[in-house]
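Next come the chains, spelled out residue by residue.
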Amino acid sequence: MEKQRAILESVIKEEIDFISYVDLEDGMVHTIVTNEDADVMPPIDGDYQKVNDVTIPKYVHPEDREMCEREFRLERLQENLQKKERFVINYRLLCGGEYRRKSMNIHYYDKTKMTLVFVRRDVTDNYEEEQNRQREIYDAMLAAKRADRSKSEFLERMSHEIRTPLNSIIGLSYLSRANLGDEKKVLENFDKIEMSAQFLRSCMDDILNLSLLESGRVAFHEESTDFEAFLTHIEKEFSDKAQEKKISFSVQRRGSFADQYLFDREKLNEALSAILENAVKYTQPEGSVFFIIELFTRGEQETIFRFEIRDNGIGMEQNFLPHIFDAFAQEDDRNTTLSGGTGLGLTISKNIIDFMGGKIDVYSEKGKGSAFVVTVPLKTAKEDRRRTERTTYQEYDFSGKRVLLVEDNEINIEITRNILIHKNFMVDIAENGKAGVEQFLKHEPGYYDVILMDIRMPVMDGLAATRCIRESDHADSKTVPIVAMTANVFEEDVKKSFDAGMNAHLSKPVDIKQMYAVLDELITGDGLL
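Right, let's walk through the structure included here. (Residues numbered from 1 in each chain as written. Predicted model: local features only at pLDDT ≥ 70, side-chain atom pairs only at ≥ 80, totals over all residues. Heavy atoms only, no water.)

### A look at helix 14 (residues 512-524)
Item 1. The end-to-end C-alpha distance of helix 14 is 18 Å, a good match for the 18 Å that 13 residues give at a rise of 1.5 Å each.
Item 2. All of the buried residues along helix 14 are Met515, Tyr516, Ala517, Val518, Leu519, Glu521, Leu522 and Ile523.
Item 3. On its buried side, helix 14 packs onto helix 10 (410-422), strand 16 (450-453), strand 17 (482-486) and strand 18 (504-507).
Item 4. The N-capping residue of helix 14, defined by a side-chain oxygen 3.1 Å from the backbone nitrogen of lysine 513, is aspartate 511. (Helix = DSSP H or I, 4+ residues; strand = E, 2+ residues; numbered from the N terminus. Expected span 1.5 Å × (residues − 1). Buried < 20%, exposed > 50% of the residue type's maximum accessible area, 1.4 Å probe, protein only. Contact = heavy atoms within 4.5 Å. Polar contact = N/O pair within 3.5 Å; in protein donor to acceptor, adjacent residues only side chain to side chain.)

### Observations concerning the sheet that holds strand 3 (residues 45-47)
Item 1. Read from one edge of the open sheet, six strands run 3-2-1-6-5-4, paired in antiparallel fashion. Strand pairing shows two members of the sheet lacking a second neighbour, strand 3 and strand 4 (86-95), which therefore form its edges. Each neighbouring strand pair of the sheet contributes to a mean axis angle of 25 degrees, computed without reference to strand direction.
Item 2. Both strand 1 (residues 18-23) and strand 6 (residues 115-122) contribute to a ladder of six bridges, which runs antiparallel. Residue pairing across strands places phenylalanine 18 opposite arginine 120, the latter belonging to strand 6.
Item 3. Along the sheet, helix 2 (residues 48-59) contacts strand 1, strand 2 (28-34), strand 3, strand 4, strand 5 (98-108) and strand 6; its crossing angle with strand 3, the most-contacted strand, is approximately 85 degrees. (Pairing = 2+ DSSP bridges. Axes fitted to C-alpha atoms, helices over the stretch in contact; angles between N-to-C directions.)

### Let's talk about the pattern of salt bridges
Item 1. The full count for this structure, using the stated rule, is 28 salt bridges.
Item 2. Residues aspartate 64 and arginine 92 are paired through a salt bridge, measuring 2.9 Å at the closest nitrogen-oxygen approach. Here arginine 92 lies in strand 4 and aspartate 64 lies in helix 3 (residues 62-71), a separation of 28 residues in the sequence.
Item 3. In this structure aspartate 64 comes out as buried when scored by relative accessible area, which is 11%. (Salt bridge = Lys/Arg side-chain N within 4 Å of Asp/Glu carboxyl O.)

### Some remarks on the packing of helix 12 (residues 462-471) against helix 13 (residues 491-500)
Item 1. In the contact formed by helix 12 and helix 13, the axes pass within 8 Å of each other and the chain directions differ by 20 degrees. Relative to helix 13, the element helix 12 lies roughly parallel. Crossing hand, helix 12 versus helix 13: right-handed. Contacts from Leu463, Thr466, Arg467 and Arg470 of helix 12 reach helix 13 at Lys496, Ser497 and Ala500.
Item 2. Its residues assigned to classes, the contact of helix 12 with helix 13 shows two nonpolar, two polar and three charged. (Parallel < 35°, antiparallel > 145°, perpendicular 65-115°, else oblique. Left-handed = near helix turned anticlockwise from the far one by under 90°. Nonpolar A, V, L, I, M, F, W, Y, C, P; charged D, E, K, R; others polar.)

### A look at the packing of aromatic side chains
Item 1. By the definition in use, this model includes 14 aromatic pairs.
Item 2. Above the face of the tyrosine 127 ring, arginine 101 is positioned so that its terminal group lies 3.7 Å from the ring centre.
Item 3. The ring of phenylalanine 290 has arginine 310 lying over it, and the distance from NZ or CZ to the ring centre is 5.1 Å. (Phe/Tyr/Trp six-rings, centres within 6.5 Å; stacked < 30°, edge-to-face > 60°. Lys NZ or Arg CZ within 6 Å of the ring centre and 35° of its normal.)

Printed below as a string of structure tokens:
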């Protein structure tokens, strides 16, 4: 029995500060169990009210004293216990130089209601845990509200960005029909329609790129790249754009750039181009843009490059700079027309550079210009595998070449067929994957020079159709070029196309010049892209 009693007392002491009771006949308090580690204990025996009159002013937190003086009075306790069997008072008590949170549980000993039992516990740790949990819930709620607000703002902004060029396309199409006799006016309208369509494409590409980057689903394809050629390509593109706007475009190179480096050239080009695009866009005619490339530090495994893009354009206010990489951030909200862009370019640039292990610093002054400094590490390539640049556009002539177009959408069929015929292709049509396979198999070897394959189609999709062709006994089954031409544009979609046996992947809406270049390479080149 002694062992059991000892265990019971140890457990009680672990869980509570003390247990005491008050005899309501004489108002005396008696303490029966105490925790030696606890502070501010009641006496073994004493006058209940006198003990409170001394203890509360001395040890209870100033903000809790008035409440404790009121609630701990015996008449108040009896009043509250008429409404419920147990009553709890929470307060802060000075213990060892710090205030700790205490919880006093009070109830009657038995049905005679002549004895009150008091059990005090220290709930500081539990309270703090609960507060942390509440803060986490509150923070999560705020984050959800912000996300919901951001989603609403995103949809509102995208509705505007999409509807603006759509309005131009619909309105200009109507005006072109109404002015068919005015060839000059119709051609001007077509140019504007094309510009609006290109903006729509750019808008959708930006949204997709940002979504992939933020979700971590984007893949970076490192390849050995001639850095000199990479820089020359960027310099040429923006030198031409600056010249069109009558802006001085100066390039400074500091260091040697003849080596090969491993990086995703398309992603780095996209990041730098977005910054250069803004520099040219927001610099007035007769202004200047400087592109400074510096080999910052060279190591055995990697080299750190520093790109500075500086202009004397309109600049930005200091209070806008912390938000410059936010999605859709534009200091002038009026700048949301086709020339203003989507406001996603710098956000995408920041994400790309972050993924590459680099950073972007921004300096700007309103009315004087801006400077973006991009620092990024590039791995040194061990092999000298130079990537050759392909001409992006030329006057193609595919006379004598035949293409099998596998597509289920009638409008897409008509558009693609006429684009192909425009460069003298002979075009056969199959309206689903199964028909495409049958069309290919029934003709002799060499009949088709290339197959353009949609992915999502009824009866049989493009991936299944491609596998059927590759696995068939036809003499051309392994060699005929097959090109995906689809609205499926995610990295995993591209991988699926190549895994199925396709040679290239074109995303809808198709860049016509790119399509011609890909077809030319597959038909007249080595069949590899």
